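# Structure at a glance
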Amino acid sequence: MNDDARPAPEPRDIPPHSGAADEVNRQDPSRRSVLWTTAGVAGAGLGLGALGGGTASAAGASAPEAVAAAEAVAAAPPRQGRTMAGVPFERRSTVRVGIIGLGNRGDSMIDLFLALPGVQVKAVCDTVRDKAEKAAKKVTAAGQPAPAIYAKDEHDYENLCKRGDIDFVYVVTPWELHFPMAKTAMLNGKHVGVECPIAMRLEELWQLVDLSERTRRHCMQLENCCYGKNEMRVLRMAHAGLFGELQHGAGAYNHDLRELMFDPDYYEGPWRRLWHTRLSGDLYPNHGFGPVANYMDVNRGDRVVSISSVGTTPLGLAAYREEHMPSGDPSWKESYIGADRTISLVQTAKGRVIRLEHDVSSPHPYSRINSLGGTKGVFEDYPERIYLEPTNTNHQWDDFKKYAEWDHWLWKEHANPPGGHGGMDYIMVFRLMQCMRLGLVPDFDVYDAAVWTAPVPLSHLSIKAKGAPLPIPDFTRGEWKKARSGMDSEKPAE
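Think of each chain on its own: its residues are numbered from 1, step by step along the sequence as written. Where local features are concerned, this predicted model is filtered to residues with pLDDT of at least 70; where side-chain atom pairs are given and counted, the filter is 80 or more; whole-chain, interface and lining totals use all residues. Water and hydrogen atoms were dropped before computing side-chain values, which therefore reflect all heavy atoms in the structure.

## Remarks on unusual backbone geometry
A cis geometry characterises the amide bond from Cys-196 onward to Pro-197, with omega recorded as -15 degrees. Numbering of helices and strands runs from the N terminus, with a helix taken as a DSSP run of H or I at least four residues long and a strand as a DSSP run of E at least two residues long. Along the polypeptide, Pro-197 turns up in the loop between strand E5 (191-194) and helix H9 (202-215). That bond from Tyr-382 to Pro-383 is cis: its omega, 0 degrees, falls within 30 degrees of zero. Positive phi, normally seen in glycine, also occurs at Arg-216, with a value near 60 degrees. One non-glycine residue, Ile-369, lies in the positive phi region at around 60 degrees. Take Ile-369: it is sitting in the loop between strand E10 (353-359) and strand E11 (371-374). Residue exposure (1.4 Å probe, protein chains only): buried if accessible area is under 20% of the type maximum, exposed if over 50%, otherwise partly exposed. For Ile-369, a relative accessible area of 14% corresponds to the buried category.

Next comes the structure, spelled out in structure tokens:
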């Protein structure tokens, strides 16, 4: 049941880890008003260079320095609460939602929350009041009471999080705001789901893990690609042993975003493009990493232990600007350091290898790669194709459609789901709200969020250290050794 009368706990901050970890994390959280000014870019850029380990700035760093800095943060600090692995939601008849951020993504996702029974949108928040009011009209048009609107300033989301009639906060804002918003939600007693990536620093990932454990609130990376039809079919096939012993996988975000990143209307300001002036690594690993991690039961019997990254020269955005942007455009004051393509190799405790790619700055058809291989065969996506022994022995790809019997129950129940990205957005929201209503364990948790996002800072540092392999923290603090359920779920009884 919902507990409307329960007061929100008093916010209590978690002290940052100290010592050598500062070399990896030395920077202040960026504010939107700072990020959108050229002067702010330079200052923030210095701090974010330090994210790669003080000396691992534009000049590069030695491998020993990079490894020492990464190891300082990889070491697990003392646990402040209890593990959230396998912890179910509280059962409730209605899930009450607050949404922070109503730009392109938030505006489309609110429709999916409103399409579900047993879900109420109680509050909406955006610094652009027109966007918040547009969202509020959608809520009333769906037959729900008018939601509260929070649009006073860039801190008004804090007041949304303090409400006593919200169970779940959905964060869909520029990346630099994800961490403080998730933190504020949990400190006020709310479960929280965050768009990708969940944070930009290793220290922030550790804080989210600690906060989730201490507040007993789930903090989830809402990775919609994990709910893709092909991804969920491959997941079930992998867990059924059709690929044999899993050996390798690959995932990517190769998506030409040049036109959108220079479009003054598509994003609310140039926040996404500006990250290419700060980090040289994989800015968006989650879409590729999450599904492959699920195939391999990462955090559920295996774990990722190291990452080694390399990157190309950063030419694409500058070349696009040269061809398309007028001489007086503010973008001409920007210096891009983000590699056009980053390639990372991730090693697991069981000796498996995951290849990650990121490229949003050069011409390329959309691809998440989405590949999995084992001792009995391999699957590759874009286009989808499969080769499995003993069925396939002629060295030619087979038709993946033949394996439709392995579709996840969610896709069998929702064969033509509404919403964007081929329906995966709807499947994700439906399943999350179902877990909250029925009091189930979520399909993924704060440990998955931290692992899937760790390549953001670590790939930057590894590139600066000429590809040095760096340790990935065990955010589970040893819980990964225990097999437990994940996205390969059984259909629950309503």
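Moving on, there is more to tell.
## Quick notes on the sheet that holds E11
When DSSP finds two or more bridges between two strands, those strands count as paired. On the basis of which strands lie adjacent, the open sheet formed by 8 strands has the order E13-E12-E11-E7-E10-E9-E8-E14 and mixed pairing. Two strands bound the open sheet, and with one partner strand each, they are strand E13 (385-388) and strand E14 (470-471). Relative to strand E9 (residues 342-348), strand E8 (residues 304-311) runs antiparallel, the two being bridged by 7 bridges. Looking across to E9, one finds that Gly-311 is bridged to Thr-342.

## So, helix H16 (residues 424-438)
Each turn of an α-helix holds 3.6 residues, which means side chains three or four residues apart point in the same direction. Helices are assigned an expected span. That span is 1.5 Å times one less than the residue count. An ideal rise of 1.5 Å per residue puts 21 Å on 15 residues; H16 measures up with 21 Å between its terminal C-alpha atoms. Counting buried residues in H16 gives 15 out of 15 residues, a clear majority hidden from the surface. One or two residues past the end of H16 sits Gly-439, with phi positive at roughly 70 degrees.

## Description of the sheet that holds strand E2 (residues 119-125)
Taken together, the 6 strands give an open sheet; going across it, the order is E3-E2-E1-E4-E5-E6, and neighbouring strands pair in parallel fashion. What marks the edges here is a single partner per strand, and that holds for strand E3 (148-150) and strand E6 (219-221). The average undirected angle you get between the axes of adjacent strands in this sheet is 25 degrees. A contact between two residues is defined here by any heavy atoms of the two lying within 4.5 Å. Axes, fitted as lines to C-alpha atoms, cover a helix only where it is in contact. Angles between the N-to-C directions of the axes lie from 0 to 180 degrees. Its contacts with the sheet place helix H6 (residues 129-141) against E2 and E3, and it is angled at close to 165 degrees to E3.

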